[in-house]
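Examination of the molecular architecture
What follows is each chain in one-letter form.
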Amino acid sequence: MLKVSNSKWQRIIDQCYQNGQGHIFRFWSELSENEKRLFIEQLSRINWKQMNHLIELALKPEKKIKLRLEPADVITLNQRKKSDEKAISLGEKALRAGKVGVCLVAGGQGSRLGFEGPKGCFPVTPVKNKSLFQLHAEKIRATAQKYSTTFPWYIMTSRSNHQTTIDFFEKHDYWGLDKKDVFFFMQEMIPAVDFDGKFLLETKYHLFESPNGHGGALKALWESGAVEDMKKRGIEYIFYFQVDNVLVQMCDPAFIGYHIMENARMSNKAVRKIRPEDRVGVFCKIDGKTGVVEYSDLDEESMYARTEKGELKFWAGSIAIHIIDVAFIEDENKNGFKLPFHIAQKSIPYLDERGNLVKPREKNGYKFETFIFDALLDADKVCTIEVDRSKEFSAVKNRDGFESPQTAREDLMKNYARWLREAGIEVPMNKDDLPVFPIEISPLFALNADDLKSKISLIPEITKPLYLE
Ligand code: UTP
């Protein structure tokens, strides 16, 4: 057992041994004083009670209890025809009154995309190659201008990408947003373990940790003082979205309006699943309460179940866009809520016995994550509206193929082409239903088809790549 002269350090080291993790000190004698201090600092943050519980769950998973599932209540596109007008007017009123803030979760590791750096810095637009962050920033600026307001923007990062994210915003001068309206906050990290429940070393003085999932946002918003800031500014509703969705309709007034109309504490956007196997979480009533069941957790019977009309019974897929009441975030934290951890097998880089970094291709351990949608189960009132996937969701998840930068660019261009056509402008298309010339419309020029119609005189004939700003 490792002995050191600093008694505070010794207590932390002893804890690691007592919890069966003494192997992590095998390179201790090679470390500088500063490296030792950094290592101890990381180890002092471990919540052992929680950690041991999670390791136990990962190694001896509890038998899955079959959940009583029913389809969730969703306001369908068809039903929306009757009530959208009222919802939009309510939503616009809340926007103009400055009651809406924006929360972006960008703390993930983006491992499937394999891009060095935060995913938000990834260049994605079809003509100008703007980054995801710039695209979102411009949407926020344009929406704020439209409603003569400002939106405070709360951006969740994690320890591994916090500074790089801020540096990127600084470098680009926040794309014209006022710096005092952009608030970065960090989520917690949690160590990963191998299949024997042992911590893995990332370097000789650092455990491999991963961010605690997008569910970490609810606690981090509270602990960072963001909720306090929202209250000071009179923000009542948070528009929540994920960094990789290029089609997100920022602060959609209809969505905000339905949330208000339904008196909901947390609201959701749902898209219609096409195939039973579509890899999206589905909105269900879980033992009577609205929640989301991850696609990997949905039992086969429910996945393939059909209604009498032959439609999928569990059709409402989540696209991870929510409105959350600020008061709900506050209540959750005051009541000491705990979102459940989901355990996933992943391939995790680690130092071998000789101190060489190994990047396994195969899965070699467990990561622990919480999901924001589990908070739905705590909300006494939830509202879910159906939206059109092709207009609102296209995510950059993988390096290529399905949900990749290429599909995101194509989906952006298909939408821009549709707006132009709706405004009466001819767009030359190829046989794959894509514009012959790359097209990009800055959110500062138009946020949707209606905006574009009012600027028709500014649009040239499309005989070469087109960028409108
Ligand atoms: P994903 O679950 O798609 O994860 O996150 P990811 O990190 O982007 O990519 P992979 O799985 O490693 O390839 C969906 C959204 O949730 C955020 C991500 O930044 C993304 O916006 N997220 C995820 C967090 O903010 N924190 C987390 O701990 C996990």
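Shown above is the structure to which this text applies.
Residues numbered from 1 in each chain as written. Predicted model: local features only at pLDDT ≥ 70, side-chain atom pairs only at ≥ 80, totals over all residues. Heavy atoms only, no water.

1. What to know about the environment of Met156
Worth spelling out the cut-off: Strands here mean DSSP runs of E at least two residues long; helices mean DSSP runs of H or I at least four residues long; both are numbered from the N terminus. Contacts: residue pairs with any heavy atoms within 4.5 Å of one another.
The residue Met156 is located in strand β3 (residues 153-157) in this model. When the C-alpha positions of Met156 and Gly216 are compared, they lie 9.1 Å apart, and in sequence the two are 60 residues distant. Aside from chain neighbours lying at most four places away, what touches Met156 is Leu104, Val105, Ala106, Gly107, Phe185, Gln187, Gly213, His214, Gly216, Ala217 and Ala220.

2. Quick word on the packing of helix α1 (residues 7-18) against helix α2 (residues 33-44)
Going by this rule: Note on method: axes are straight lines fitted to C-alpha atoms, helices fitted across the in-contact stretch only, with angles between N-to-C directions ranging 0 to 180 degrees. If an angle is under 35 degrees, it is roughly parallel; if it is over 145, roughly antiparallel; if it lies from 65 to 115, roughly perpendicular; otherwise it is oblique. Here is the rule for handedness: rotate from the far helix to the near one, and if that takes an anticlockwise turn smaller than a right angle the crossing is left-handed, while a clockwise turn gives right-handed. Note on residue categories: nonpolar means Ala, Val, Leu, Ile, Met, Phe, Trp, Tyr, Cys or Pro, charged means Asp, Glu, Lys or Arg, and polar means any other residue, Gly included.
Running from N to C, α1 and α2 point in directions that differ by 60°, and their axes come no closer than 10 Å. Relative to α2, the element α1 lies oblique. Of the two possible hands of crossing, α1 and α2 adopt the one that is left-handed. Two secondary-structure elements touch here, α1 through Trp9, Ile12, Ile13 and Cys16 and α2 through Glu33, Lys36, Arg37, Ile40, Leu43 and Ser44. Split by residue class, the contact of α1 with α2 holds 6 nonpolar, 1 polar and 3 charged.

3. A few points about the packing of helix α7 (residues 216-223) against helix α11 (residues 326-334)
One way to put it is that α7 packs onto α11 with a least axis distance of 10 Å and a crossing angle of 90°. The angle between α7 and α11 falls in the class roughly perpendicular. Listed contacts from α11 to Leu218, Lys219, Leu221 and Trp222 of α7 are Ile329, Glu330, Asn333 and Lys334. Of the residues contributing to the contact of α7 with α11, the split by class is 4 nonpolar, 1 polar and 3 charged.

4. Observations concerning the layout of surface pockets
Rolled over the atoms, a probe with the dimensions of a water molecule shows which regions are left empty. For the record, the criterion: Residues are said to line a cavity or pocket when one of their atoms sits within 4 Å of a point; the points come from a 1 Å grid over protein atoms alone, cavities being sets where a 1.4 Å probe fits but cannot get out and pockets being open sets with protein on both sides within 12 Å along at least five of seven lines. Grid points are joined across faces, edges and corners, and a volume is the space filled by probe spheres set on the points.
Size it by volume and the second largest pocket reaches roughly 1,000 Å³. For the lining of the second largest pocket, the secondary structure elements donating two or more residues are α4 (77-96), α5 (132-146), α9 (253-261), α12 (389-392), α13 (405-422) and α14 (449-453). When residues of the lining of the second largest pocket are assigned to their parent elements, the largest contribution, 6 residues, is made by α13. Within the lining of the second largest pocket, the residues separate by chemical class into 20 nonpolar, 4 polar and 13 charged.

5. Examining the site of the ligand
Note the threshold: When at least one non-hydrogen atom of a residue lies within 4 Å of a molecule or strand, that residue is treated as near it. As used in this structure description, the phrase polar contact means that two N or O atoms lie within 3.5 Å; if the pair is within protein, one of them must be able to donate a hydrogen and the other to accept it, and residues adjacent in sequence are counted only when both atoms belong to side chains. Using a 1.4 Å probe, accessible areas were evaluated by the Shrake-Rupley method; residue-level cover was limited to the displayed protein chains.
Close contacts around the ligand come from 19 residues, with Val105, Ser111, Arg112, Gln187 and Lys397 the closest. Interatomic distance of 3.0 Å between a backbone N/O atom of Val243 and an oxygen atom of the ligand. Protein coverage of the free-state accessible area of the ligand, which is 570 Å², stands at 90%. Across the shell around the ligand, the residue classes break down as 5 nonpolar, 9 polar and 5 charged.

6. Considering the state of the cysteines
Counted only if it meets this: Disulfides are defined as pairs of cysteine sulfur atoms found within 2.5 Å of each other. Note on classification: 1.4 Å probe, protein chains only; a residue is buried when its accessible area is under 20% of the maximum for its type, exposed when over 50%, partly exposed between these limits.
Applying the stated criterion to the full structure yields 0 disulfides. Cys251 provides the cysteine sulfur closest to Cys103, a residue in no disulfide bond, and the two sulfurs are 11 Å apart. Residue classification places Cys103 among the buried residues on the basis of a relative accessible area of 1%.

7. Quick word on the sheet that holds strand β18 (residues 365-369)
The line we're drawing: Should DSSP find at least two bridges between two strands, the strands are taken to pair.
Taken in spatial order, the 3 strands line up as β6-β18-β15 in an open sheet, and their pairing is antiparallel. Strands with a single pairing partner mark the edges of an open sheet, and in this sheet they are β6 (193-194) and β15 (342-346). Bridge analysis of β15 against β18 gives 5 bridges, and the strand direction is antiparallel. Pairing of Ile343 across the sheet is with Phe368, part of β18. Where helix α3 (residues 48-59) meets the sheet, its contacts fall on β6, β15 and β18, and the angle it forms with β18 comes to roughly 125°.

8. Here's the deal with the packing of aromatic side chains
Basically, it comes down to this: Under the pairing criterion, centres of Phe, Tyr and Trp rings, with the six-membered ring standing for Trp, must be within 6.5 Å; the plane angle then separates stacked pairs below 30 degrees from edge-to-face pairs above 60, leaving the rest tilted. Charges are assigned to positions over rings by a cutoff of 6 Å between ring centre and Lys NZ or Arg CZ, combined with an angular limit of 35 degrees from the ring normal.
Inspection of the entire model under this criterion finds 19 aromatic pairs. Plain terms: the ring middles of Phe195 and Tyr366 are 5.2 Å apart, the flat faces sit at 70° to each other, and that makes the pair edge-to-face. Of this pair, Phe195 sits in the loop between β6 and β7 (201-203) while Tyr366 sits in strand β18; the two residues are 171 residues apart in sequence, bridging distant segments of the chain. Owing to a relative accessible area of 11%, Tyr366 belongs among the buried residues under this scheme. Pairwise contacts between aromatic rings join Phe133, Trp153, Phe168, Phe169, Tyr174, Trp175 and Phe184 into one cluster. Between the NZ or CZ atom of Arg272 and the centre of the ring of Trp315, over which it lies, the distance is 3.8 Å. Over the aromatic face of Phe445 sits the side chain of Lys455, whose NZ or CZ is 4.8 Å from the ring centroid.

9. Quick look at the side chain of Glu138
Checked against the element boundaries, Glu138 lands in helix α5. Note on Glu138: relative accessible area 4%, which makes it buried. Here the side chain of Glu138 touches Ser442 through a polar contact of 3.2 Å, side chain to side chain. Excluding residues that lie within four positions of it along the chain, Glu138 makes contacts with Lys130, Ser442, Pro443 and Leu444.

10. Some details on a positive patch on the surface
The line we're drawing: Patch building starts from residues that exceed 30% relative accessible area and form no salt bridge, then joins like charges within 9 Å and nonpolar side chains (Val, Leu, Ile, Met, Phe, Trp, Tyr) within 5 Å. By salt bridge we mean one thing: a side-chain nitrogen of Lys or Arg within 4 Å of a carboxyl oxygen of Asp or Glu. We score Asp and Glu as negative and Lys and Arg as positive, and we do not count His or the chain ends. One atom stands in for each charge, and that atom is NZ of Lys, CZ of Arg, CG of Asp or CD of Glu.
A contiguous patch of positive charge on the surface is contributed by Arg112, Arg279, Lys346 and Lys363. With respect to the element layout, Lys346 can be found in strand β15. You can call Lys346 partly exposed: its relative accessible area is 35%.

11. Considering the pattern of salt bridges
The full count for this structure, using the stated rule, is 29 salt bridges. Of the charged contacts, one joins Lys219 and Glu188 as a salt bridge, the two residues approaching to 2.9 Å between their closest N and O atoms. With Lys219 in helix α7 and Glu188 in the loop between β4 (182-186) and β5 (189-191), this residue pair connects regions lying 31 residues apart in the sequence. Since its relative accessible area comes to 34%, Lys219 is described here as partly exposed. Linking Glu262 and Lys381 is a salt bridge whose minimum nitrogen-to-oxygen distance equals 3.5 Å. You can see Glu262 sitting in the loop between α9 and β11 (266-272) and its partner Lys381 sitting in the loop between β18 and β19 (382-386), a full 119 residues away along the chain. We classify Lys381 as partly exposed; its relative accessible area is 34%.

12. Some details on the pairing of strand β12 (residues 282-286)
When you tally the buried positions in β12, you get 4 out of 5 residues, the bulk of the element. Both strand β1 (residues 69-71) and β12 contribute to a ladder of 3 bridges, which runs antiparallel. Paired with Glu70 across the strands is Lys285, a residue of β12. In this structure, β12 lies alongside strand β13 (residues 289-293), joined through 5 bridges in antiparallel fashion.

Everything listed is a geometric property; what it means functionally is a separate question.
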